[in-house]
Amino acid sequence: MRLRARMRLLRRRINRSTKRASQILARRTALIWQQLYRTRFRFLVWRQRHGAVAVAIILLALIGLSGFGVPALQELLNPIFATEAELASLRSFLVTLGGALVGAAAIVSSLVLFAMQVNVERMPHGLFRRLSADRRLLSAFAATFFLAVIIASLSLNVGQQRVGAILFITFWGTVIVLGLFLYGYRRALILVNPAQQLKMVVRQAQRELQAWARRAKRAAPLFSDGSQPNQSDPYSSQHDLTRAAYFQVNRGWTEGAQRGVRYAVSFARRYAEQGDHEVSAVAMNAIVAINAAYIEAKGKTFFANQLMFDNPLTSDGFINDTLEHLRQTARIGVTRGDEQQIEQTLRVIASLVRVYISIDYANPHASNTHAHLAAGYLSGEVERIVPHNMPDVLMEGVRLMGQCAEMLLAMEGPQGIATVVQKIGIVSCVGAAREDYRPVTSTGVEQLARLSFELLQTNKREVQFAAQGIRETVKLIAKLFMALPDTPLMSIHSAYLAPYYSATSTQGLAVRLSQLVNLVADAPEGDLNARQVIVNFEEWADGMYQTEKDLLLYAIEKRSQFTFDMINWITTVTTMLIALSNAAACDVHAQEKLRKHAAWLIAVLSWVPDDEETVKFVEIFQMTETLFKAAVDARRRGCPELAEDIDKILLSWTFKAGRYQTGWATLEKSVYALATLALLANDAEAEAQLKKKINSRMKAGGLPDKELRDSAALKIRGRAASLYRNGHWSSAIEHGMAQSDHQRLQPLLEEIADIISPETMGQAANVGIY
């Protein structure tokens with residue numbers, strides 16, 4: 001038995017060792033393969049950059065090294081070519097080889113030129129003329145012809161003492177001719193490749209722009225009066241006026257760049273029509289590259305829009321020409337129904353917004369005029385797509401508009417996104433008119449939610465106006481969408497407005513806000529970034545109650561399931577504002593404002609109408625539970641004033657909803673909640689005040705239904721008698737009751753029950769735990 005046990009143990013150890021060894025071997029093998037892949041990639045990149053130079057160096061090195069062997073070759077060949085007949089055969093060989101190479105050069109050049117002519121329809125006329133006269137290709141043909149003639153001419157100088165040198169020159173001349181043939185073939189392939197042609201166009205445009213920039217720099221002393229701009233004054237002009245004057249005198253300095261843009265646009269349209277959108281995408285990228293080179297060359301000669309007067313230098317002909325070409329390309333795509341071409345055009349305009357944002361207006365307070373112009377073109381083209389039933393294109397367009405707005409927000413601040421936000425809202429409203437466009441609405445709401453989140457993180461000031469604009473836009477979308485009939489099981493209102501208002505979606509705004517609030521709450525007292533976020537939150541929440549109140553009441557009016565999202569959104573944001581007010585980085589002034597905004601926001605729930613149908617509908621979404629949790633959270637976070645305000649709202653809701661038989665035991669649950677909150681205050685006066693308020697409301701005619709009142713009082717007394725019973729709670733109120741002081745809670749519940757129904761005093765009903 002012991003031997004068997006030892007054998008089993010030995011086999012296990014062997015199996016473990018084998019398994020471990022195989023894992024180590026597999027890991028090392030994988031590492032070796034990864035190293036090989038990495039080395040191969042680096043070699044390919046190096047060959048792409050330096051391959052031609054390396055080949056030329058190696059060839060010259062071989063020629064130089066082989067030149068040292070010419071004397072030995074001469075000694076070896078002397079006996080072979082000792083007679084005139086043998087030298088005559090060598091002359092004949094050289095003449096034949098040279099003639100063959102001349103003929104081959106003519107044939108190869110003809111074939112390559114024919115290939116170029118065949119591709120004339122694939123490129124603009126001006127570009128064809130440039131590529132047909134490619135200097136590298138023509139030089140290669142000329143070199144092959146010249147070398148072939150040299151090889152043939154060697155037959156005229158054949159001598160016994162020069163045989164080695166002649167064969168040396170003949171061999172390497174032939175090798176070089178064959179190499180030039182291959183080079184000409186590859187060069188021709190490059191010239192007829194549209195992607196390579198576009199690279200040439202971009203390089204040519206960049207070289208011309210750089211040349212003009214150098215000329216302007218050299219000519220600067222001719223246009224300068226010797227004065228220097230005041231660098232210490234932030235409001236003084238820092239423009240490069242000498243360069244601006246030079247470009248004004250030489251108005252044709254952008255002709256090469258404009259020609260390059262026209263060529264790229266021509267490529268994009270032609271290949272999009274042929275269905276080759278890969279090449280059209282390369283052409284679109286070429287437009288962006290040329291514009292980037294133009295902005296770099298122009299430097300500090302751009303002028304932004306002025307508030308009080310119009311500056312003629314603000315308009316830029318090159319930028320206007322580029323955007324007009326793209327507008328026309330988008331129209332062509334819409335006419336043809338080519339969605340890929342339209343999306344590519346929209347992406348290029350968005351990329352131009354990113355490029356134009358980098359323009360230096362020589363004034364830190366200047367508006368990004370040309371970026372706004374490009375964003376306007378993008379918004380206009382997206383709007384024009386609406387009638388053409390292209391929801392995917394519209395969704396992409398709205399995403400690009402959102403990205404442009406984020407760029408403008410980062411560079412210019414909150415005041416830079418107002419127009420784009422309005423345009424996103426207008427396009428997003430189409431989902432209310434057509435079912436196919438409902439995903440567009442969801443995408444638009446998602447972009448507005450992203451902008452709201454970015455707004456809270458910006459280091460710019462005065463986010464209140466931009467935040468209000470976003471809320472008003474979302475409010476417009478939500479109201480139009482809630483005008484549609486809702487479905488009870490899968491609410492289309494909640495589904496398509498979820499990116500902004502859903503408190504349960506992992507991709508919703510509330511989740512990202514919670515993460516940001518947690519980061520700020522953990523930040524130290526002197527954290528400047530945390531302070532900026534707190535200030536942004538305070539401005540963002542200012543006036544929020546107005547739009548949220550309108551949306552909540554409208555959702556209730558339409559009996560929309562979106563009511564649940566609104567109630568949870570209001571309480572969630574209230575909790576966030578309280579949490580921020582308790583952050584170490586929050587000063588007293590900001591704390592006061594945050595708690596004020598939280599009080600105004602949670603007070604929106606007090607505006608719920610008190611008719612029976614509305615009360616029953618709202619109670620479906622656990623209004624009583626929500627108010628209780630909000631009050632507990634406020635008290636736990638050290639906001640007793642706000643907790644008292646929520647207690648008042650809950651008390652009002654108790655007598656507002658408790659008048660009706662809702663099916664959710666609203667009156668009983670509300671009483672449990674009020675009593676538990678009174679105990680959480682740790683103040684005997686709070687209990688007395690609660691009984692006093694309930695008594696005064698009862699005397700004022702609250703809860704007029706005697707049967708309902710008596711039934712609730714019996715259940716309250718019955719629940720008070722069962723406080724010590726353990727159970728599993730599905731209700732926050734029941735959980736709070738279980739955690740409270742039962743010796744104080746039981747008499748308080750009984751006294752409240754006696755106030756509600758003195759006729760049933762001393763009577764109780766058996767009740768369960770909710």
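The structure we're discussing is the one just above.
Residues numbered from 1 in each chain as written. Predicted model: local features only at pLDDT ≥ 70, side-chain atom pairs only at ≥ 80, totals over all residues. Heavy atoms only, no water.

A.B. asks: Lay out the nonpolar core in plain terms, naming residues and giving numbers.
C.D. replies: Most often, soluble globular proteins have nonpolar side chains that are buried together. Ranked by size, the top nonpolar core spans 184 residues in total, and within it Tyr-356, Phe-537, Trp-540 and Trp-569 carry the most contacts. In contact with Trp-569, other than residues within four places in its own chain, are Tyr-500, Tyr-501, Leu-509, Ala-510, Leu-513, Trp-540 and Glu-548. Counting 10 residues, the second-largest nonpolar core is a separate cluster that includes Leu-97, Leu-101, Ala-105 and Ile-151. (Core = buried A, V, L, I, M, F, W, Y, C linked by side-chain atoms within 4.5 Å. Buried < 20%, exposed > 50% of the residue type's maximum accessible area, 1.4 Å probe, protein only. Contact = heavy atoms within 4.5 Å.)

A.B. asks: So what about the state of the cysteines? Which residues, and what values?
C.D. replies: Here the structure, examined in full by the defined rule, presents 0 disulfides. Among the cysteines around Cys-404, which has no disulfide bond, Cys-429 carries the closest sulfur, lying 20 Å off. Take Cys-404: its relative accessible area is 1%, and that puts it in the buried class. Summary of cysteine pairing: Cys-639 is not part of a disulfide, and the nearest cysteine sulfur, belonging to Cys-586, is at 10 Å. Judged by relative accessible area, Cys-639 falls into the buried class, the value being 1%. (Disulfide = S-S within 2.5 Å.)

A.B. asks: Account for the environment of Ile-694, naming residues and giving values.
C.D. replies: As for its placement among the helices and strands, Ile-694 is situated in helix α29 (residues 684-699). Apart from residues lying up to four places away in sequence, Ile-694 is in contact with Leu-651, Phe-655, Ile-752 and Ile-755. (Helix = DSSP H or I, 4+ residues; strand = E, 2+ residues; numbered from the N terminus.)

A.B. asks: Explain the side chain of Arg-719 to me, and be specific about the residues and the numbers.
C.D. replies: In this fold, Arg-719 is placed in helix α30 (residues 706-721). On the basis of relative accessible area, Arg-719 is assigned to the buried category, the value being 3%.

A.B. asks: Requested: an account of the environment of Tyr-437, with residues and values cited.
C.D. replies: Tracing the backbone shows Tyr-437 in the loop between α16 (418-428) and α17 (438-457). In this structure the C-alpha to C-alpha distance between Tyr-437 and Val-355, which are 82 residues apart in sequence, comes to 31 Å. Apart from the residues within four sequence positions on either side, Tyr-437 is in contact with Ile-385, Val-386, His-388, Asn-389, Met-390, Pro-391, Leu-394, Val-430 and Gly-431. Only 3.3 Å separates the side chain of Tyr-437 from the backbone nitrogen of Met-390, close enough to count as a polar contact. (Polar contact = N/O pair within 3.5 Å; in protein donor to acceptor, adjacent residues only side chain to side chain.)

A.B. asks: How would you sum up the packing of aromatic side chains? Please name residues and give values.
C.D. replies: Applying the stated criterion to the full structure yields 21 aromatic pairs. Joined through ring pairs, the aromatic side chains of Trp-212, Tyr-246, Phe-247, Trp-253, Tyr-294, Phe-302, Phe-318 and Tyr-361 make up one cluster. Directly above the aromatic system of Trp-212 lies the positively charged group of Arg-215, at a separation of 4.7 Å from the ring centroid. Between Lys-479 and the ring centre of Tyr-554, over which it is positioned, the NZ or CZ distance is 5.4 Å. (Phe/Tyr/Trp six-rings, centres within 6.5 Å; stacked < 30°, edge-to-face > 60°. Lys NZ or Arg CZ within 6 Å of the ring centre and 35° of its normal.)

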